[in-house]
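Tertiary structure, described
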Amino acid sequence: MAETRYVDPIHHPSYASQPTRDVRAWILLLVTAFIPGAVQLLFRARRWAKIALSITAISWALVIIALIVVLIDKKFLFTIGTNPFLLTFLTIWLPVIAVNWVVCLFDSLRRIKLVTLSSRARKRFLAAFCALLLIVVGPLAWGTTLLDSQRGLMADLFASGKAAKPVDGRYNILLMGSDAGKGRTGIRPDSLSLVSIDADTGKTVIIGLPRNMQNVPFPEDSPLHEHYPQGFNCGDECLLNAVFQQGERHKEEFENPKRAGEQATMDAVSAITGVEVQYFAMVNLKGFENLIDSLGGITVVSGKRVPISSKVDPETGEHGPVKGWIEPGKQKLDGYHALWFARSREMSSDYERMIRQRCVQTAMVKQLDPATVLTRYQQIAKATPGALSTDIPSSEVDMFVDLALKVKSQKIESFDLTPPNVIPADPDFDAARALVADRIAQASGDGEKDKGAQAVPGGSSGAAAGVNVTSGLTPDSSVQVSAQGGGEDGSEEDKTEAEKEICYVP
């Protein structure tokens, strides 16, 4: 009677049957795909297996821990995407995972011995092997590139300072458009808006401030208060947008001399509105042009022809011949034309410019959808540091990303400190502060109502995503607060129609 001997098909496939050899190949491939290093341990390459399995175990442990934490607190997902230390670690770790996986996969292929497979199984196996390389290595390489871009963006854009707490439950951020450029001395903010966000509900109010506002006051703790105790009242040249240069002129008196202009402007806006401003964000208008291009352009509906002007003749003080026009109607604007649409002042008033600027802001927010961000992320990340500067600390970015999601679920209310409520040449700052306080209180109340309505099954409210009046109008937009604070006598609707004649976002 012949002796029956067991043959190990894993280590000695040549003695196994053909079906067994084919199954062996698929098992080794799947094991390597999910647990790189396991096959090497099976074949007693212990030193190599120890390193590969350690990398694999750490990677899976990090994924599991991250998923558990995200399920407990979704904000941690934003922390992963914004924390510079985590981004640096992941930028290094992902290539380690990729190299470990590829090396183990090719070593497993060597140990599988393709010549032992049947002809039909060999073709399928090679196709699966190549598909695995593309499915795993491709996303890992792409993810590493995105993480590196994000890490660079966070390092270049956000500050490392101390985080500010919300004041009266709100974050107040000053948005400025800088017009520093060739032929101009210093920075003069071309547009100024105060964005007040409820830290709990995300209810947002945008307050537009005319750049030509005169006699602006300064808080008593501001260094400029000593120079202008009665306000910035040195004549027609002492406008709100000139405060920035005053701050730079007295920069040594400020806590951070490098940010003296920004801090001086924040101080003035705080005194004008009665709202403490915690942070600023400044858009460099030349960088803004590149940022619009990185988004693939924006879409707005212009109600009027907007001129692309020639330079001002220094002798006559008048513009030269118009170089071109942005025509009325729905327009897809690239960076150059979007910048002119926002800034053009010839044949229009400052109020019209403020409306157009907010249309551009709204169009940009609308264009920042997930598909655009993913497909154009590297272009956006490259353009953003040149277009934007801010003192928001990097440690707070995850919180603001979470808050931004709440903002998008609310209607943004906005109004301007312009006539008839506030006269820029002779402003009544007590009236301006009262108007701001009233609008913010009203928005906070609406935010609580919207939050409560969302919690009630079947409840409907104005919390649907959208932007109010001066933040980009659609033909069927509902109106909450007019740009000038219209009453209940129909003036609010009239104001809405007047603004739609200037521009809106489709």
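Residues numbered from 1 in each chain as written. Predicted model: local features only at pLDDT ≥ 70, side-chain atom pairs only at ≥ 80, totals over all residues. Heavy atoms only, no water.

Per UniProt, the protein has the following entry under Sequence similarities (unreviewed entry): "Belongs to the LytR/CpsA/Psr (LCP) family." (UniProt positions renumbered as here; feature names shortened; annotations may be inferred.)

Some words on the packing of aromatic side chains
What the rule picks out here adds up to 8 aromatic pairs. Ring geometry for Trp26 against Phe125: centres 5.5 Å apart, planes inclined by 65°, an arrangement best described as edge-to-face. Here the residue Trp26 occupies a position in helix H1 (residues 18–34), and Phe125 occupies one in helix H6 (residues 119–157), the gap between them amounting to 99 residues. Note on Trp26: relative accessible area 31%, which makes it partly exposed. (Phe/Tyr/Trp six-rings, centres within 6.5 Å; stacked < 30°, edge-to-face > 60°. Helix = DSSP H or I, 4+ residues; strand = E, 2+ residues; numbered from the N terminus. Buried < 20%, exposed > 50% of the residue type's maximum accessible area, 1.4 Å probe, protein only.)

Overview of a nonpolar patch on the surface
On the surface, Val23, Ile27, Leu30, Val31, Phe34, Ile35, Trp60, Val63, Ile64, Leu67, Ile68 and Ile72 cluster together into a nonpolar patch covering about 1100 Å² of accessible area. Looking at the nonpolar patch, the elements that each hand over two or more residues are H1 and helix H3 (46–72). Looking at the nonpolar patch, the element that brings in the most residues is H3, giving 6 residues. (Patch = residues over 30% accessible without salt bridge, like charges linked within 9 Å, V, L, I, M, F, W, Y side chains within 5 Å. Areas by Shrake-Rupley, 256 points an atom, 1.4 Å probe, with all protein chains shown as cover. Salt bridge = Lys/Arg side-chain N within 4 Å of Asp/Glu carboxyl O.)

Describing unusual backbone geometry
The bulk of non-glycine residues show a negative phi, and the bulk of peptide bonds are trans. Backbone torsion omega between Pro419 and Pro420 reads 5°, so that peptide bond is classified as cis. Within the chain, Lys113 stands out as a residue other than glycine whose phi angle is a positive 65°. With respect to the secondary-structure elements, Lys113 resides in the loop between helix H5 (84–112) and H6. Note on Lys113: relative accessible area 43%, which makes it partly exposed. With a phi angle near 60°, Asn215 is a residue other than glycine that sits in the positive phi range. Among the secondary structure elements, Asn215 is positioned in the loop between strand E3 (204–209) and helix H7 (223–227).

Brief notes about the UniProt feature "transmembrane region" (unreviewed entry) in the protein
According to UniProt, the positions carrying the feature "transmembrane region" (unreviewed entry) are residues 23–43, 50–72, 84–104 and 125–142. In residues 23–43, the share of helix is 81% and the share of strand is 0%. The end C-alpha atoms are 17 Å apart.

What about the state of the cysteines?
Disulfide: a covalent bond formed between the sulfur atoms of two cysteine residues. Overall, the coordinates contain 2 disulfides when judged by the stated rule. Paired by a disulfide, Cys359 and Cys503 hold their sulfur atoms 2.1 Å apart. One disulfide, between Cys359 and Cys503, carries an S-S torsion of 100° and so falls in the right-handed class. One end of the pair, Cys359, is in helix H12 (residues 350–367); the other, Cys503, is in strand E12 (residues 503–504), and 144 residues separate them in sequence. An identical accessibility class is assigned to Cys359 and Cys503; each is buried. (Disulfide = S-S within 2.5 Å.)

Comments concerning the layout of surface pockets
Looking at the second largest pocket, its volume works out to about 1100 Å³. Taken together, 31 residues form the lining of the second largest pocket, with Ser59, Val63, Leu90, Leu94 and Ile97 sitting closest to its centre. For the lining of the second largest pocket, the secondary-structure elements that each account for two or more residues are H1, H3, helix H4 (75–82), H5 and H6. Residues belonging to the lining of the second largest pocket are distributed by class as follows: 26 nonpolar, 5 polar and no charged. (1 Å grid on protein atoms, 1.4 Å probe; cavity = no way out; pocket = protein on both sides within 12 Å on 5 of 7 lines; lining within 4 Å. Points joined across faces, edges and corners; volume = space filled by probe spheres on them. Nonpolar A, V, L, I, M, F, W, Y, C, P; charged D, E, K, R; others polar.)

Focus on the pairing of strand E10 (residues 411–416)
Burial of E10 is extensive: 6 of the 6 residues sit out of reach of the surface. Here E10 shows two buried faces, one formed by Lys411, Glu413 and Phe415 and the other by Ile412, Ser414 and Asp416. In this structure, E3 lies alongside E10, joined through 4 bridges in parallel fashion. When the bridges of E10 are listed, Val205 appears paired with Glu413. (Pairing = 2+ DSSP bridges.)

A short note on the pairing of strand E1 (residues 170–178)
For E1, a buried count of 8 out of 9 residues is recorded, marking the element as mostly surrounded by other parts of the structure. Relative to strand E2 (residues 189–198), E1 is paired through 9 bridges, and the arrangement is antiparallel. Each bridged residue has a counterpart across the sheet, and for Asn172 the counterpart in E2 is Ser196. As defined by bridge partners, E1 adjoins strand E4 (residues 279–284) across 6 bridges and the pair is classed as parallel. Bridging from a neighbouring strand, Ile173 pairs with Tyr279 of E4.

Focus: the nonpolar core
Ranked by size, the top nonpolar core spans 39 residues in total, and within it Val216, Leu240, Val243 and Leu417 carry the most contacts. Setting aside its immediate chain neighbours within four residues, Val216 contacts Gly231, Phe232, Leu240, Val243, Ala268, Ile272 and Phe429. Grouped together as the second largest cluster of nonpolar side chains are 27 residues, Ile298, Val306, Ile308 and Ala383 included. (Core = buried A, V, L, I, M, F, W, Y, C linked by side-chain atoms within 4.5 Å. Contact = heavy atoms within 4.5 Å.)

Some points on the confidence of the model for the protein
In this model, the protein carries a mean pLDDT of 81, and residues with pLDDT of at least 70 account for 85%. No element of the protein has a lower mean pLDDT than strand E11 (residues 466–467), at 35, and none a higher one than helix H9 (residues 260–273), at 95. Low pLDDT, under 50, characterises residues 181–185; the stretch is placed with 3 contacts to residues that sit more than four places away or in other chains. Low pLDDT, under 50, characterises residues 454–490; the stretch is placed with 97 contacts to residues that sit more than four places away or in other chains. (pLDDT = per-residue confidence, 0-100.)

Observations regarding the sheet that holds strand E8 (residues 329–333)
With antiparallel pairing, 3 strands are arranged side by side in an open sheet as E8-E5-E12. A single partner strand is all that each edge strand has here, and the edge strands are E8 and E12. The pairing of strand E5 (residues 298–302) with E12 spans 2 bridges and is antiparallel. Following the sheet pairing, Ser302 is matched in E12 by Cys503. Docked against the sheet, H12 engages E5 and E12, running at close to 145° with respect to E5. (Axes fitted to C-alpha atoms, helices over the stretch in contact; angles between N-to-C directions.)

What to know about H1
With 17 residues, H1 extends 25 Å from end C-alpha to end C-alpha; this agrees with the ideal 24 Å at 1.5 Å per step. Turning to H1, its buried residues are Arg21, Asp22, Arg24, Ala25, Leu28, Leu29, Thr32 and Ala33. The buried residues of H1 occupy an angular sector of 165° when the element is viewed end-on, so they sit on one face. The exposed residues of H1 that point more than 90 degrees off its buried face are Pro19 and Phe34. As for H1, its buried residues are in contact with helix H2 (38–42), H5 and H6. (Expected span 1.5 Å × (residues − 1). Arc of directions from axis to C-beta.)

So, the pattern of salt bridges
Pairing between side chains of opposite charge can happen when the charged atoms of each approach one another. Within the structure shown, the criterion is met by 9 salt bridges. Between Arg170 and Asp198 there is a salt bridge, with its nearest N and O atoms 3.8 Å apart. With Arg170 in strand E1 and Asp198 in strand E2, this pair connects stretches of sequence that are 28 residues apart. Among the residues examined, Arg170 registers a relative accessible area of 4% and is labelled buried. Notably, a salt bridge pairs Glu262 with Arg259, separated by 3.2 Å at the nearest N-O pair.

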